Protein chains: 4
Amino acid sequence: MSSDHAASGSGPRYGFLGPAGTFTEAALLQWLGDRPAEVVPYTTVDTAVDAVRGGEVIAAMVPLENSVEGSVTATIDALAGGPGLAIIAEAQVPVSFSLVARPGSTLEQVRGVTTHPHAHAQCRRWLAERLPDVPVTFAPSTAMAASMVAEGGHDAAISAPLAAAVYGLDQLASDIGDRPAETRFVLISTPQAPQPATGADKTSLVLFMGQDHPGALLEILTEFAVRGVNLTRIESRPTGGGIGDYFFSVDVEGHLDDARVGEALMGLRRVCAEVRYVGSYQRLDGQQPVIRRGVTDEEFREAQAWLARIREGRS
Amino acid sequence: MSSDHAASGSGPRYGFLGPAGTFTEAALLQWLGDRPAEVVPYTTVDTAVDAVRGGEVIAAMVPLENSVEGSVTATIDALAGGPGLAIIAEAQVPVSFSLVARPGSTLEQVRGVTTHPHAHAQCRRWLAERLPDVPVTFAPSTAMAASMVAEGGHDAAISAPLAAAVYGLDQLASDIGDRPAETRFVLISTPQAPQPATGADKTSLVLFMGQDHPGALLEILTEFAVRGVNLTRIESRPTGGGIGDYFFSVDVEGHLDDARVGEALMGLRRVCAEVRYVGSYQRLDGQQPVIRRGVTDEEFREAQAWLARIREGRS
Amino acid sequence: MSSDHAASGSGPRYGFLGPAGTFTEAALLQWLGDRPAEVVPYTTVDTAVDAVRGGEVIAAMVPLENSVEGSVTATIDALAGGPGLAIIAEAQVPVSFSLVARPGSTLEQVRGVTTHPHAHAQCRRWLAERLPDVPVTFAPSTAMAASMVAEGGHDAAISAPLAAAVYGLDQLASDIGDRPAETRFVLISTPQAPQPATGADKTSLVLFMGQDHPGALLEILTEFAVRGVNLTRIESRPTGGGIGDYFFSVDVEGHLDDARVGEALMGLRRVCAEVRYVGSYQRLDGQQPVIRRGVTDEEFREAQAWLARIREGRS
Amino acid sequence: MSSDHAASGSGPRYGFLGPAGTFTEAALLQWLGDRPAEVVPYTTVDTAVDAVRGGEVIAAMVPLENSVEGSVTATIDALAGGPGLAIIAEAQVPVSFSLVARPGSTLEQVRGVTTHPHAHAQCRRWLAERLPDVPVTFAPSTAMAASMVAEGGHDAAISAPLAAAVYGLDQLASDIGDRPAETRFVLISTPQAPQPATGADKTSLVLFMGQDHPGALLEILTEFAVRGVNLTRIESRPTGGGIGDYFFSVDVEGHLDDARVGEALMGLRRVCAEVRYVGSYQRLDGQQPVIRRGVTDEEFREAQAWLARIREGRS
């Protein structure tokens, strides 16, 4: 979908799930901060990921949890299939909806609204109170809804606040969602050595089971639990290889270089049909894991030295 | 979104994630078979579910796994939040894509294609080979894409075969997806006693954890495993109550009336913050579970009789 | 071995591992307190147990843990094999050794000591310091050693303090063990309904595995753990049916009438080749179990009521 | 108890639980085969173990399971306490009882029998049938009973067949036990590097728990289970440090040099208060463990190489 690309800025190129003005772009811009960069929108998660794999961009921001735009399962499936990828950062932006319209418009003039169905679902209470009789038309994304308004297609759109700036629109109302929400995004690159450990990291994995095997998940979780590695997210997904054939997409606390994470991964490598390491990266919330007795790096080292001693008869 | 409803047929009313011509409608029609029914499309999973809760329809078909239309997480979240719901059946249709166009069109005449981004992603190889230079525009669903073609908006749409019939279009090409896929749908009603056990059943549950509690998932899986209850699907989802607060959406083999499922549910009830039972229903694949030694209904009965005997001193 | 019996007192007859003056007798007398009773010594655990089974005595006190007299494994095997038995109480006495001699003797006059080998092993330090050159001869029990001294066979015996009184001897030294120790005894009867629950109880079980089955023990412990039932003792013992065929003798916290214990027992009944319930009885230390969230009787009742409701469609 | 020692043969000195003629001596002689050796009886397990620690003998044979002589718990406690020890071999002899008497005696002349209480318990049926009215007196061991007969103290003894040869007695009847039995013995030395792996090995461990900790045993077993290490024996024993403070004496399949055993031991080292390795040695039954998928040395190596690769960014 190269025709959809709109480059902005200069510096290394980063992709995101577009069009311009999505929450995903907001997440990317937040992560970039002052870094010089050119940002490139992609129409779907798959095209963004392809751009990473093809070297068009050095990384791409896509949604991973609780998305109101695009499909989270597209991200999960992209990480699980095809050539390897690595998550190098996570990002989170408040999903705050605004009603945006062409400059000079007022709320009273709005006779038609467009937005993505998920955004609509999350603003129903506000719409029922403030625009009860106004028909709603759906667009493929909130950003596309805003762009359609900019082009004169509807009176107003529900979108991210960023979309107002991107498309030269006014915000007639802001924060119109029924309840606060957050979406989690990840910045994806080609495989690389893990980011340096910070003490507050996550590691993402894709675990493929062998033959249909009822106790498989319990077995997997026990591999983590025995090494004191906590999960923060898990999803089972069909492999596409037929019903009943599943993989698990999981995030765990800790870094690939942590001894407990390393031993758990080796255990999984031995019992799973395939283990795909998809990156260790700093947690956005900076929350350091509570590491239980027995699984610190120091305790792993000490136990290894002890084993070496008794194997040599020096207990 | 009552303005979107299009009723068809007569008999009890059933909703589905529309518009007309979606795979979801195909799944509903397949499930209905000869049952007299009126089917009603809804624009989003949320509006379909609201129609069930409000009594507008007696049940609604929505996607639960691997969807190419609508959001599966919308279904999972709808089952987890708000007033209770029950899954009363599952359905599965092959996700087969066709290129549909107005009658009399030929492939050579196609100079623009519209479809849902997921469908586009799944037909990329075919498009690259057969329509390499034709621009693709996105629509909110494959059915909406077909309807736009019917109204003259684009030359062709990628959609379910059903959409051709619904919108009076021709199929210029069929089965154009890059690989076979299936989507799983569920028929949702208001809470009710479980469907009668058939010997090949599934039970769906939503499990809310208490405070952030690292070993929670292992604990839950052990409650199932000890009673020989196998999981067929699991997903963790944020509750919306803040980061780190999760629930699990799970499907297990077996029926609420099975002794092993009952005991597992009581165990979960005691350790989870909340357990929501969302229905026991026949498995579409008719696959009977392999029940391990020790967890048949007969063995549960025998053990209960034995416990009663020893409690009375008659060992 | 009926010829060994020596009756004392009047009232119901109780057996114990004799001869008169053992720590086991001390444990029985402590348990009896003011109860009228006739106590009868038996030469071995097996003969004591046979006397219970044959109705010669209504119960018998035998050692179960850390014994310095008789064999603990004899007790464990007796509970596991033959007609059923029930533990109705536990008892514990400090294992305090005295050097006993005929009245009027002094330590200086002692030129030969007799005792049971275990008692000898526990008093070695004292003997090395105070009677370094005095030869030690072994007797089948500390009480028999004392009786041999009373009959003039040796100058002194190491025995329980009680043996001095029983055999009319003086204590030349008391508390001569190298370190403090305790032995646990159990009072065994024919099978009967459990003792009333006191809130601080133990339950004893014998668990037979099926075919040699490596994960069996983990499976068993998980049955307990899922219901929050803690073990206080476990031993694997060969069944005598050939190498590799084991049973487990276990004590757990809680009472047969506790819901969590009952459900754990039913689970074990279903997975073990055989479960033998051997009694619920008050803990001597009065220590109430810490019952984790989710396994109180009240929580079991509530979960059962909830299950009944959802099975009837009243969630 | 050096006064009890009786040396025989020449070569390195080996101790055993005596006196001469015990099943333990039979086990030692069987293990020695043609090795030149001097064998030395010790009165108790503790004195035999002290002789090992003090360098009086290079190793000592003592009972570990299902003993009819001496105390198995003495062996278990000796391995758990005091300076370290190592099991370097296991041995097993059929526990076959004979009625032994001075040369020229006949069964009809027997008017008194002596033996150890356990041996008596195991020959009761035979005694009831063949010597119903003959009184039985107890001796500290079956071998001591035979020696008392040799010295003219009783008419006959029940003992191991070996004792007849040792004390110059005749066997009036052999194999008089009520049912076949086996006892397991272990040869104990000072700590040393493990015996070379044979592919059919056992490893013995002593595991000390920390504070009273209900789930400790489950935790320990999970450390083994996750690495596919099977237990063949387990016993909980009080540490002597007060009620409720336990250690576990366990035997597992496999050798200290096996990767799966090594990783399990490191895991235990990290979660237990103390882990005492007590030796890896060939299984007497030559039974090779069934090693489940994922825990062979080769799989451990491969997983380690894989981890190294992904840590360097070469997945």
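Residues numbered from 1 in each chain as written. Chains lettered and ligands numbered in written order. Predicted model: local features only at pLDDT ≥ 70, side-chain atom pairs only at ≥ 80, totals over all residues.

A. Spotlight on the domain arrangement of chain A. All names here are of chain A. Split by domain assignment, chain A resolves into domain 1 (2–95 + 182–189), domain 2 (98–174) and domain 3 (201–302). A C-alpha centroid distance of 24 Å is found between domain 1 and domain 2. On the domain 2 side, the residues contacting the 10 residues of domain 1 number 16 residues. Grouping the amino acids of the side of domain 1 that touches domain 2 by side-chain chemistry returns five nonpolar, three polar and two charged. (Domains from an automatic or database assignment. Contact = placed C-beta atoms within 7 Å. Nonpolar A, V, L, I, M, F, W, Y, C, P; charged D, E, K, R; others polar.)

B. Inspection of the sheet that holds strand β2 (residues 38–42) of chain D at higher detail. All names here are of chain D. Read across the sheet, five strands follow the order β2-β1-β3-β10-β4 without closing on themselves; strand pairing throughout is mixed. On the outer flanks of this sheet lie β2 and β4 (86–94), each paired with one strand and no other. Neighbour to neighbour, the strand axes of the sheet diverge by 30° on average, direction disregarded. Relative to strand β3 (residues 59–65), strand β1 (residues 13–17) runs parallel, the two sharing three bridges. When the bridges of β3 are listed, Gly15 appears paired with Ala60. (Pairing = 2+ DSSP bridges. Helix = DSSP H or I, 4+ residues; strand = E, 2+ residues; numbered from the N terminus. Axes fitted to C-alpha atoms, helices over the stretch in contact; angles between N-to-C directions.)

C. Structural context of helix α10 (residues 297–311) of chain D. Between the first and last C-alpha of α10 of chain D there are 21 Å, a value that for 15 residues agrees with the 21 Å anticipated at 1.5 Å per step. Along α10 of chain D, the residues classified as buried are Phe300, Ala303 and Ile310 of chain D. Along the axis of α10 of chain D, the buried positions cluster into a sector of 95°, meaning they face one direction only. Projecting away from the buried face of α10 of chain D at angles above 90 degrees are the exposed residues Glu298, Arg301, Ala305, Ala308 and Arg309 of chain D. On its buried side, α10 of chain D packs onto α9 (259–271) and β14 (274–282) of chain A together with α9 (259–271) of chain D. The first or second residue beyond α10 of chain D is Gly313 of chain D, which carries a positive phi of 80°. (Expected span 1.5 Å × (residues − 1). Buried ≥ 20, exposed ≤ 12 C-beta atoms within 10 Å, placed from the backbone. Arc of directions from axis to C-beta.)

D. Spatial organisation of the interface of chain C and chain B. Tallying the contact residues gives 29 residues for chain C and 29 residues for chain B. Among the secondary structure elements, those contributing two or more residues to the side of chain C that touches chain B are α8 (216–226), α9 (259–271) and α10 (297–311) of chain C. Its residues assigned to classes, the side of chain C that touches chain B comprises 13 nonpolar, nine polar and seven charged.

E. Just unusual backbone geometry, in detail. Residue Gly18 of chain C is joined to Pro19 of chain C through a cis peptide bond whose omega torsion reads 5°. Looking at the element boundaries, Pro19 of chain C is found in the loop between β1 (13–17) and α1 (23–32). We note that Asp175 of chain A has phi near 60°; this positive angle belongs to a residue other than glycine. Considering the arrangement of structural elements, one finds Asp175 of chain A in the loop between β9 (170–174) and β10 (182–189). A count of 12 C-beta atoms within 10 Å places Asp175 of chain A in the exposed class.

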